[in-house]
Every structure is written in structure tokens, then in C-alpha cells.
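Each chain, letter by letter, is given below.
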Amino acid sequence: MANDGKVEAVMREVLRRLEDESAGLTISPVDERVYLLREEDILRDLRIFSDEVFDAEVEEEPSALVVKFRNGQTFRISVAEKL
């Protein structure tokens with residue numbers, strides 16, 4: 001695959017930024033096997049990933065990201081916990 005080097009570089013940067021920003025996990029102090037995710041944690045991780053992958057403007061909304069591409073397409077990526 002011709003883009004292997006670019007994909008690897010993007011993934012390294014995404015993983016570095018997730019590590020720097022504590023990723024989206026809140027570990028329970030009682031039992032390390034139990035973790036909680038919050039909407040804002042997932043959105044932060046998606047924002048970090050989208051900054052590296054999409055050549056687009058990304059805006060944040062409550063519980064969502066809006067990705068605006070130069071070709072005029074706009075996508076709203078929303079996050080909600082399914083109970």
C-alpha cells in the first residue's frame with residue numbers, strides 16, 4: 001500500500017496525543033478492570049483523531065463534532081450512551 005508510511009505516522013501522532021491528553025478512560029480506583037467512559041471523553045478522542053486524519057474544519061457541539069470538508073460536505077458525529 002502506497003500510503004503505509006503516512007498511515008503509520010498519523011497513527012503514531014494520534015496515539016501520542018491520546019497519551020498526552022489521558023485518552024478517554026476514567027479508571028475506577030476500586031477495581032482497575034472497571035472503567036467509565038463519558039461522552040466528552042469519547043468526543044475528545046474523536047477530535048484528536050479527526051485533527052490528524054481529516055483535511056477539514058472540525059467544530060465541537062454539545063455531544064457532537066461537526067466536520068466540514070472543503071468540497072461542501074458536512075457531517076455531524078454525535079455521541080450518546082445507549083442504556
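Being a predicted model, the structure only gives us computed values, none of them experimental.

Asks: Sorry if this is basic, but what is going on with the confidence of the model for the protein here?
Replies: Interpretation of this model should avoid reading the predicted coordinates in detail wherever pLDDT is low. Counting all residues, the mean pLDDT for the protein is 77, and 73% of those residues have values of 70 or more. Summarising per-element confidence for the protein, the mean pLDDT is lowest in strand β1 (residues 26-27) (51) and highest in strand β5 (residues 74-78) (94).

Asks: Before we go on, may I ask you to explain the pairing of strand β4 (residues 64-69) in this structure?
Replies: Two faces, one strand: in a regular strand the side chains alternate between the faces of the sheet. Where strand β3 (residues 56-61) and β4 come together, 6 bridges link them in antiparallel fashion. Its bridge partner being in β4, V58 is matched across the sheet by V67. Between β3 and β4, which follow one another and run antiparallel, lie 2 residues, and S63 among them has a positive phi close to 65 degrees. As judged from the 5 bridges shared by β4 and β5, these two strands associate in the antiparallel manner. Looking across to β5, one finds that L65 is bridged to I77.

Asks: What's the story with the sheet that holds β3 in this structure? I'm lost.
Replies: One open sheet accounts for 3 strands, arranged β3-β4-β5; its pairing is antiparallel. Looking at strand neighbours, the two that pair on one side only are β3 and β5, the edges of this open sheet. Across the sheet, the mean angle separating the axes of adjacent strands is 20 degrees when strand polarity is ignored.

Asks: Help me understand the packing of aromatic side chains, please; the structure alone is not making it clear to me.
Replies: Any two aromatic rings considered together are summarised by their centre-to-centre distance and by the angle between their planes. Per the stated rule, a full pass over the model turns up 2 aromatic pairs. A ring pair is formed by F54 and F69, whose centres lie 5.5 Å apart and whose planes are at 80 degrees; its orientation type is edge-to-face. Separated by 15 residues along the polypeptide, F54 in the loop between α2 (39-53) and β3 and F69 in strand β4 bring together distant segments of the chain. Taking the relative accessible area as the measure of exposure, F69 reaches 25% and is therefore partly exposed. For the pair F69 and F75, a centre-to-centre distance of 6.0 Å together with 85 degrees between the ring planes defines the contact as edge-to-face. A connected cluster of aromatic rings, assembled from ring pairs, spans F54, F69 and F75.

Here is what the cut-offs are and how they apply
- Residues numbered from 1 in each chain as written.
- Predicted model: local features only at pLDDT ≥ 70, side-chain atom pairs only at ≥ 80, totals over all residues.
- Heavy atoms only, no water.
- pLDDT = per-residue confidence, 0-100.
- Helix = DSSP H or I, 4+ residues; strand = E, 2+ residues; numbered from the N terminus.
- Pairing = 2+ DSSP bridges.
- Axes fitted to C-alpha atoms, helices over the stretch in contact; angles between N-to-C directions.
- Phe/Tyr/Trp six-rings, centres within 6.5 Å; stacked < 30°, edge-to-face > 60°.
- Buried < 20%, exposed > 50% of the residue type's maximum accessible area, 1.4 Å probe, protein only.

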